[in-house]
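Each chain, letter by letter, is given below.
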Amino acid sequence: MSSVPPGLDPERLRAHLDLARPGLVNGPLSARLVEGGRSNLTYIVTDGTGQWVVRRPPLGHVLATAHDMKREHRVISALHPTAVPVPEPILLCEDESVLGSPFYVMEYVAGTPYRTAEQLAPLGPERTRAAILGLVDTLVELHAVDPEAVGLGDFGRPEGFLDRQLRRWGKQLDASRNRDLPGIDELHAALGRALPNSPAPTVIHGDYRLDNVLVGDDDRIKAVLDWEMSTLGDPLTDLGLLVMYSAELRVKDSPVSTTAGAAGHPTPAELIERYAARSGRDTSAISWYTAFAWFKLAVILEGIHYRYTLGQTVGAGFDRIGDLVPVFIDHGLTTLQSQEG
């Protein structure tokens, strides 16, 4: 285990923990970075016996609102006493002199974030099915939390949420537009014309999928991670995204993870039906939410492709991202037409 990864000085962290939580750490700390990139950074830290997880913003300049440690810490602190499985928060540090940015520490939870159908294959059909259905059940638990009761009544602005989301992602698209994308404006306009009436707002995760949760050896969801997109809003946006990630892309060597091809994986219709039955919510407009998820991902992928064309991406697979965007647009249009039909 590398003792000094970029962005985390174990000695400075140890000194801060000894002051803020005396007795927590029982020896020198070592750390390793487990997630890097444009998103928030995640480290596993150990003193040789105990293990903890540290989250901090990416290195370099970031927008304060995009990587707000206080916000992530707040939501897991509020949800920890509920039925939603989240790691126990240990402390939030807003003093940038410790690690160079705000950060928070939470308990380490053992589990696997399954990213691909190949990773699920060893589980076999029955266990895969149980894990994915558990993902739906956990989402129902999240959406059942009363925001006011857990101190999250002011966590977002739910009024006009869908309209704002659509405008936001339209602006994102305009910011990375440097080629013709047949159908994307048509999809954006059609989504705007067919805005559904949102149910009562709930805490939403914002990026809810299998590789943002940890699955235990018993195939149960042990922890929901990566709350950076969470807010108060329309719960069906979470379901729409989950349904989108459960559809088969049928693209060879896709750089976007989808587990839909795994044996035993429930169909999108089964996921919707289970959510509706357990939550009591009307899911009749789910095609809109799923089409919106396809649109949102198309915009995100086009942004990555745009940066790739400018030479601003590092790593493998970026050369294929651009080819995926028309596939997502097509799925979005087809999904929306299925509702209209």
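Data block above holds the structure.
Residues numbered from 1 in each chain as written. Predicted model: local features only at pLDDT ≥ 70, side-chain atom pairs only at ≥ 80, totals over all residues. Heavy atoms only, no water.

(A) Looking closely at the pairing of strand β2 (residues 41-46). Across the six residues of β2, six count as buried, placing the element largely inside the fold. With five bridges joining them, strand β1 (residues 30-35) and β2 adopt antiparallel strand pairing. Bridged to Glu35 within β2 is Thr42. Alignment of β2 against strand β3 (residues 51-56), held across six bridges, turns out to be antiparallel. Pairing of Ile44 across the sheet is with Val53, part of β3. Hairpin connection between β2 and β3: a loop of four residues separates the two successive antiparallel strands, and Gly48 in this loop has a positive phi of roughly 100°. (Buried < 20%, exposed > 50% of the residue type's maximum accessible area, 1.4 Å probe, protein only. Helix = DSSP H or I, 4+ residues; strand = E, 2+ residues; numbered from the N terminus. Pairing = 2+ DSSP bridges.)

(B) Quick peek at empty space enclosed by the protein. Counted by the stated rule, this structure contains two cavities of 30 Å³ or more. Within the residue set of the lining of the largest cavity, elements represented by two or more residues are α5 (124-144) and α8 (236-245). (1 Å grid on protein atoms, 1.4 Å probe; cavity = no way out; pocket = protein on both sides within 12 Å on 5 of 7 lines; lining within 4 Å. Points joined across faces, edges and corners; volume = space filled by probe spheres on them.)

(C) Fine view of the nonpolar core. Grouped together as the largest cluster of nonpolar side chains are 80 residues, with contacts concentrated most on Leu191, Trp227, Phe295 and Phe328. With 13 residues, helix α10 (residues 286-309) is the largest single contributor of residues to this core. Once residues within four sequence positions are removed from consideration, Phe295 is found in contact with Leu166, Trp169, Gly170, Leu173, Ile184, Leu187, His188 and Leu191. If you look at the next biggest cluster of nonpolar residues, it comprises 18 residues, including Leu41, Trp52, Val98 and Phe103. (Core = buried A, V, L, I, M, F, W, Y, C linked by side-chain atoms within 4.5 Å. Contact = heavy atoms within 4.5 Å.)

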